[in-house]
Amino acid sequence: MLKRKPKLAIAAALLTVMISVWTGQVYITAQAASATGVTSVKSCMDSYNSGVASILTPSYKTAESQSTAVSAETSYELVMVNVENVLNVRAEASEDSLIVGKLYKDCGGVVLERKDGWTKLQSGNLIGWAKDEYLLFGDEATELANNVGYPIAVVSINAVRVRAEASFDAEVLGYAAVGEELTVVNEVDDDWLCVEYGSELAYVNREFVSEEYEVDCGETLDDITEREMKEEADKKSLSTSYGSMSTTEYERMLLAALIYCEAGGESYEGKVAVGAVVCNRVRSSGYPDTLQGVIYASGQFTPAKSGRLDQVLSSGNIPQSCYDAADEALSGYSNVGTAVRFRRNTGTIDGIVIGNHVFY
């Protein structure tokens, strides 16, 4: 897992990125130097009650890799993309070289090689060269990964009970094995997390999981072609109309501002879809029952967490198309069915693809 460097300063801490042969996942761990007075990674992380961040690449288990020890690791450096939209990745370290794929805003990967102002990196299936001026390394990369990541809970014991309510007395719906990743819906309290469990919302005790953040990967040209074909097919997906939602003018502006932050560069259809996800959450028993509660729920929408949403609200500079999309979503229309989540589409999650996002 990509373990987050503790927010409290550890002056001599060394961040190492490792790739596991077993899972194909990328990790960052913090190793403390003697100046910190902490003698192990575990005690270092525990003493600062740190969070974590993680970049997931598609897992693979060939006959050979299945027999490889999980501890087989190679050190790599984390790299994050520092662009507003798209960064071309090339076959060689030259602007004249062929484009082999694309990295998007807030995507991450690992460094394979660096030379002459270029970095060879791997991000998901994508391997190629990108210019250093559009990348972040070191502490800047780690900070961005933590800020834009999607919260997940990784089981840290042999098996954890997944319950119907946030209580040890609640019904056990099933078990999640060590290393299994559960998407976090929200933080219930200091002891419990609400997570996605199959098609249901369920609860796990925080003592038995590590809380981490997953960030997006880039796409090869083949990935992009496949995504665009799926996008065309998804345009035929069933649209649904739910009952209209009574809101104040501030809530209408709040939803429009979030749509602008999350989907300002997307099509009108993509803007409506983001608004529909928010409204679907309000209607769902697994989320707060107000727009403000949903939008500002801990760890859910990056613009709310980073402060960008409040900046847009203060400026009042929200395009009319975002207001129109908010109005359509608030009227009860959804072009993503009952989807309550979305993220940048990298081809790793099944759902309704609209523009650069997948809704599920």
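**Q** Would you take a moment to explain the environment of alanine 177 for this structure?
**A** Here alanine 177 is to be found in strand E13 (residues 172–177). Judged by relative accessible area, which is 39%, alanine 177 ranks as partly exposed. Between the C-alpha atom of alanine 177 and that of alanine 159, which follows or precedes it by 18 residues, the distance is 4.3 Å. Beyond its immediate sequence surroundings of up to four residues, alanine 177 is in contact with Val155, Ile157, Asn158 and Ala159.

**Q** Before we go on, may I ask you to explain the environment of serine 210 in this structure?
**A** Turning to its location among the elements, serine 210 is positioned in strand E17 (residues 209–215). Sequence-wise, serine 210 and alanine 153 are 57 residues apart; in three dimensions their C-alpha atoms are separated by 5.6 Å. Here the side chain of serine 210 touches glutamate 212 through a polar contact of 2.7 Å, side chain to side chain.

**Q** Mind showing me how you'd approach a negative patch on the surface here?
**A** Negative charge collects at one region of the surface, where Asp189, Asp190, Asp191 and Glu207 lie side by side. Its place among the elements puts aspartate 190 in the loop between strand E14 (181–187) and strand E15 (192–197). By relative accessible area, which is 72% here, aspartate 190 ends up exposed.

**Q** Hey, could you run me through the pattern of salt bridges in this one?
**A** Any two side chains of opposite charge can pair, given that their charged atoms come close. Summed over all chains, the structure comprises ten salt bridges. The residue glutamate 95 makes a salt bridge to lysine 131 at a minimum N-O spacing of 3.0 Å. Of the two residues, glutamate 95 sits in the loop between strand E5 (86–90) and strand E6 (99–104) while lysine 131 sits in strand E9 (residues 126–131), which places them 36 residues apart along the sequence. When salt bridges that share partners are traced, they join Glu95, Lys131 and Glu133 into one network.

Reading the values: the criteria
Residues numbered from 1 in each chain as written. Predicted model: local features only at pLDDT ≥ 70, side-chain atom pairs only at ≥ 80, totals over all residues. Heavy atoms only, no water. Helix = DSSP H or I, 4+ residues; strand = E, 2+ residues; numbered from the N terminus. Buried < 20%, exposed > 50% of the residue type's maximum accessible area, 1.4 Å probe, protein only. Contact = heavy atoms within 4.5 Å. Polar contact = N/O pair within 3.5 Å; in protein donor to acceptor, adjacent residues only side chain to side chain. Patch = residues over 30% accessible without salt bridge, like charges linked within 9 Å, V, L, I, M, F, W, Y side chains within 5 Å. Areas by Shrake-Rupley, 256 points an atom, 1.4 Å probe, with all protein chains shown as cover. Salt bridge = Lys/Arg side-chain N within 4 Å of Asp/Glu carboxyl O. Lys, Arg positive; Asp, Glu negative; His and termini not counted. Charge placed at Lys NZ, Arg CZ, Asp CG, Glu CD.

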